[in-house]
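# Summary of structural features
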Amino acid sequence: MRTRTLIPALVSLAFLVLLLSSPIQLAFGSPLGLEGKGTIVGKVVSSDGAPLSSANVVIIGTQWGGASVDDGTFTIENVPVGTYSVQASVIGHETQTLPDIPVSRDGTTALEFTLTSRPVGIIPEVLIVHNKLIDEKDSQIGHVVAAEDWEGLPVDEMQEVLGLKVGVVVKGGETYLRGSRPGEVNVAVDGVPVKDPLVGGGGAAFASLALESTEAILGGMDAEWGNAQAGVINYTTKEGGREFEGQLFYMTDDFGQPDNTFDNLDRVFLGLGGPTPIRNLTYYVSAEGTYADAYPATPRDRSRSRILNFISIGDRKSNTLRFQSKLAYKPGPNYKLTGEVVYNRQRSDPYLHMWSRVGYVQTYQDTLATGEVLKRRGRWSPVQVDDTYEYYNPSNRTPTNLDTFGQLKLVWNQTLDQSAFYTVKVSRNSFFVDSRVRGQNAWEYEGDRENDLWFNYTDGRAEPFFVISGDYPALSHRGTLVYNLKADLTKRYGSHSFKTGVDVSYNDMSYYQVDRPYRTNSDGEIGGTRTEYHYFNPEGAVYVQDRWEHEGMVLNLGVRFDVFSVGDQLDLSEVRDRIKKQLSPRVGVAYPISDRDVFTFHYGRFYQIPERRYLFDNRNALDGRVQGNANLTNMTTVSYQAGIQHLFNRFVSGQFSIYYKDIFGLISTESGASLGTVGNTLRYVNRDYASARGFEATLTRRYANGFSGEINYGFGVATGVASDPNAAAERAFVYLPISEQALDWDVRHTFSAQAQFADPGNWRTSFVCTYSSGFPYTPESRDSRELKPENTNSRRLPSSIALDIQAEKHYLVWGQAFKLFLRSRNILDANNITSLSPGNWPAPPSSIGDDYAVYYTETGKAGGAYIGEDTNGDGLGDWVALNDPRVFLDPRNVRVGLQLDF
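I will try to describe carefully the structure that is included in this document. (Residues numbered from 1 in each chain as written. Predicted model: local features only at pLDDT ≥ 70, side-chain atom pairs only at ≥ 80, totals over all residues. Heavy atoms only, no water.)

## What about the pattern of salt bridges?
All chains considered together, the criterion is met by 53 salt bridges. Arg316 is the salt-bridge partner of Asp266, the closest N and O atoms lying 2.9 Å from each other. Here Arg316 lies in the loop between strand E19 (311–314) and strand E20 (318–329) and Asp266 lies in strand E16 (residues 261–275), a separation of 50 residues in the sequence. Across this residue pair, the class does not change: Asp266 and Arg316 are buried. A salt bridge links Asp746 to Arg748, with the nearest nitrogen and oxygen atoms 2.7 Å apart. Through salt bridges with shared partners, a single ionic network connects Asp156, Glu160, Asp263, Asp804, Arg823, Arg825 and Arg895. (Salt bridge = Lys/Arg side-chain N within 4 Å of Asp/Glu carboxyl O. Helix = DSSP H or I, 4+ residues; strand = E, 2+ residues; numbered from the N terminus. Buried < 20%, exposed > 50% of the residue type's maximum accessible area, 1.4 Å probe, protein only.)

## Digging into the pairing of E16
Relative to E16, strand E15 (residues 245–254) runs antiparallel, the two sharing nine bridges. From the neighbouring strand, Phe249 faces E16, where its bridge partner is Phe269. Inspection of the sheet shows E16 paired to strand E17 (residues 281–292) by ten bridges, in the antiparallel sense. Paired with Gly273 across the two strands is Tyr284, which belongs to E17. (Pairing = 2+ DSSP bridges.)

## Regarding the sheet that holds strand E22 (residues 359–367)
Strand order in the open sheet made by the three strands is E23-E22-E24, with antiparallel pairing throughout. Both edges of this open sheet fall to strand E23 (373–381) and strand E24 (389–392), since each of them pairs with a single strand only. Within this sheet the neighbouring strands show an average axis-to-axis angle of 40 degrees, counted without direction. Bridging between E22 and E24 involves four bridges; their strand directions are antiparallel. When the sheet's bridge partners are listed, Gln362 is paired in E24 with Tyr389. (Axes fitted to C-alpha atoms, helices over the stretch in contact; angles between N-to-C directions.)

## Quick word on unusual backbone geometry
In this chain, Tyr295 is followed by Pro296 through a cis amide linkage whose omega measures -10 degrees. Topologically, Pro296 is positioned in the loop between E17 and strand E18 (304–307). Here Trp841 and Pro842 are connected by a cis peptide whose omega angle stands at -10 degrees. Of note, Asn264 is a non-glycine position whose phi angle comes to about 50 degrees, a positive value. Examined against the element boundaries, Asn264 turns out to sit in strand E16.

## Some words on the packing of aromatic side chains
Evaluated as defined, the whole model comprises 26 aromatic pairs. Note on Phe707 and Phe757: the rings are 4.9 Å apart at their centroids and 35 degrees apart in plane angle, and the pair reads as tilted. Taken together, the residues Phe707 in strand E38 (residues 707–720) and Phe757 in strand E40 (residues 749–759) connect sequence positions 50 residues apart. Aromatic side chains Phe757 and Phe767 sit 6.3 Å apart centroid to centroid with 75 degrees between the ring planes, which places their arrangement in the edge-to-face category. Taken together, the positions of Phe757 in strand E40 and Phe767 in strand E41 (residues 763–772) put the pair ten residues apart, joining distant regions of the chain. With a relative accessible area of 30%, Phe757 lands in the partly exposed category. Grouping aromatic residues by their ring pairs yields a cluster made of Tyr511, Tyr533, Tyr535 and Phe616. Positioned above the aromatic ring of Phe455, the side-chain terminus of Arg449 is 6.0 Å from the ring centre. When the ring centre of Tyr811 is taken as origin, the NZ or CZ atom of Lys809, which lies over that ring, is 5.7 Å away. (Phe/Tyr/Trp six-rings, centres within 6.5 Å; stacked < 30°, edge-to-face > 60°. Lys NZ or Arg CZ within 6 Å of the ring centre and 35° of its normal.)

## A short note on the pairing of strand E29 (residues 474–493)
Note: strand E26 (residues 420–436) against E29, 16 bridges, orientation antiparallel. Note on E29: the bridge partner recorded for Val424 is Ala487. Direction of pairing for E29 relative to strand E30 (residues 496–515): antiparallel, over a ladder of 20 bridges. Bridged to Asn484 within E30 is Ser505. Remark: two residues form the turn of the hairpin made by E29 and E30, two consecutive strands paired antiparallel; Gly494 in that turn has positive phi of roughly 55 degrees.

Written as structure tokens, this is what we have:
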């Protein structure tokens, strides 16, 4: 444990020394003011030679810049000696960049920019912000990651890139921003929401090579963004340019032999873009296929074949296709129409440890007194003992999950004049998830009763943990269609920049779920529990935002008005307020306190509509399940944050922030009287509350002299009444929680360091080191039946650490950029715990509750176990270790690949 604690400290210390120490100033550049300074002067004109006033002229990668005056001239003084790229932009014109501009000591460099006309609405604001080390006008705090920032990193998914950033915690496939629940994050593509309103998940997942940039807003969201308590993740997809270009990528961990692989992974990506025969019409299209027996691999029987004894083809545990296509048409200098199609499809099977033991099960025919003949199961064996033993692979009897997402989108931009433009976005999002065993309907599932999953009829006893018969007793499918219209208008009046807009959606949601299909409910329908519904609901919002610039200070004021309706399918007697309304103010300040420092502050009230399943699920169920409640109101977060951006030198910048969030109206459950039943029923209510506070620090070193790097450190506290809305329904408490406890994702310390060393065009090596203090867990005992709320998450798991490396070799092949790379993840092969109790359903015969947590509490060992026979005579059953791989993060893996840019 001491070694694991020292490693991140040593890495951090070494990286800080490398970043800031004076002996290596030649690598980083000398501190500002020690090299001498010069001046850049020039003029900005239009293509017809007319001077352009109010043009923004910036030195890319620095804070320096200026604005042109009425005659188009500009001056930038006190520029350190060096060579720069200088960029000029103005509303209604193309941006122009002049590279390799020298600045000499006490010298003056003269430039001239000639800008051609273009629509205001398509100025690439995100990229301009990205090229600046600090932003003196925005009170939002977050991270903008451009394509070139992650291209050389040893990461597979964009979620992993965001997980390296301070304020972002990734756990169990979910993303948590600043201590909030995962459903409190809004996800958008090019500004259009892509979040499933029924269950809250973001269905869109993109190939990282198909993205231009990704922005994660952690706090200080402008009024444009709504229905998000925690923050926003906004993806910007690539668009074709004026010249044809493409990218081919292939990666594998298959090294030529069936047993010489880690995850049996193959990933291939192809992206193409450029002009079309139609003037001013460009295209971009990309497709990525990823096929892997992802950790932990399931033992399901599959058919496979190989090409050239190297590439394995056939069904695997996870089979993913991602497709994206975009057309952009500019009928005139002030207009632009964009159409985009996105389609994701993933077919996968889950690893269920209880269903992972492959072998042979004794079978025989049993004739009942009624004359009915049944097939019975007996003893299990790893080998076939005789002809009565049949092969049984329970993994073949687990669900296959099909998850698809599709988006159709049209975007229209138009410039009205030099100070105004508007954007209209129309989209249709579709979400579909289906989970069932071997494509069967409920009445086709094998199994007569739950105990038969484990029962050995030969010996008259049950297997303690692993199943020996039947199908996994559950199936479900759900579908959601979302129609969205979003329109924004931006107008500048003097020192004020106004933005106003509307956002309207219509949701069509259906859900069908059956558990234990071998049972029949009170209505004679198949299923021990059964949910089936189809609901519709509209919602919308209007907002206005003003950015006022006055004597260097920028004041961001905004207000958003949200309206939500539960729809007209529910009787008026069931709904107190069919239409729910909410007003949320936003106030932010950005103030440059020096030429190297910007101070920001933001206050905001953020509201979020509950996931619709909490309104509509099980509304008429009287069998102990939690009923949906159409009277739920919006959840609320009141947020405060303050931050400082500091420019250390022309390569190194820092962002430091503190935040506090008070969160209330969260979804919980309570028991109460209900019509149609004598006893009480459980229902969802707005009762839980939570809070989050912390400190964040990011230190970034831009690429120069063969090196770039980034350090992120965060200290955060996330506490609340409950981590799960169903906590009170699923666990018996001695008394209801009345105070805040650590939430499941409460990680107090997070640290990440990135370093890239490169000789451009020749080679590049990247290192990523991550460290986090342990997640909390609840200690359990064998004889506990009720839990004291103060014991919830009262202990901590061990800290986790990982080191990932990628090495690349670059070549020119027929004049095109080509690279070979090797990527190693978790090179230290650290045994990090990701989920102490991943869950086993239905509960096996040996279960005494949360067995995995009891086992860890008693022994300090992770991996799960069940209680077997008492072999040592102490009167207690002994633990039988299961070594469930779901408890741990992926072990070490090594992959190789190639990439061709043309």
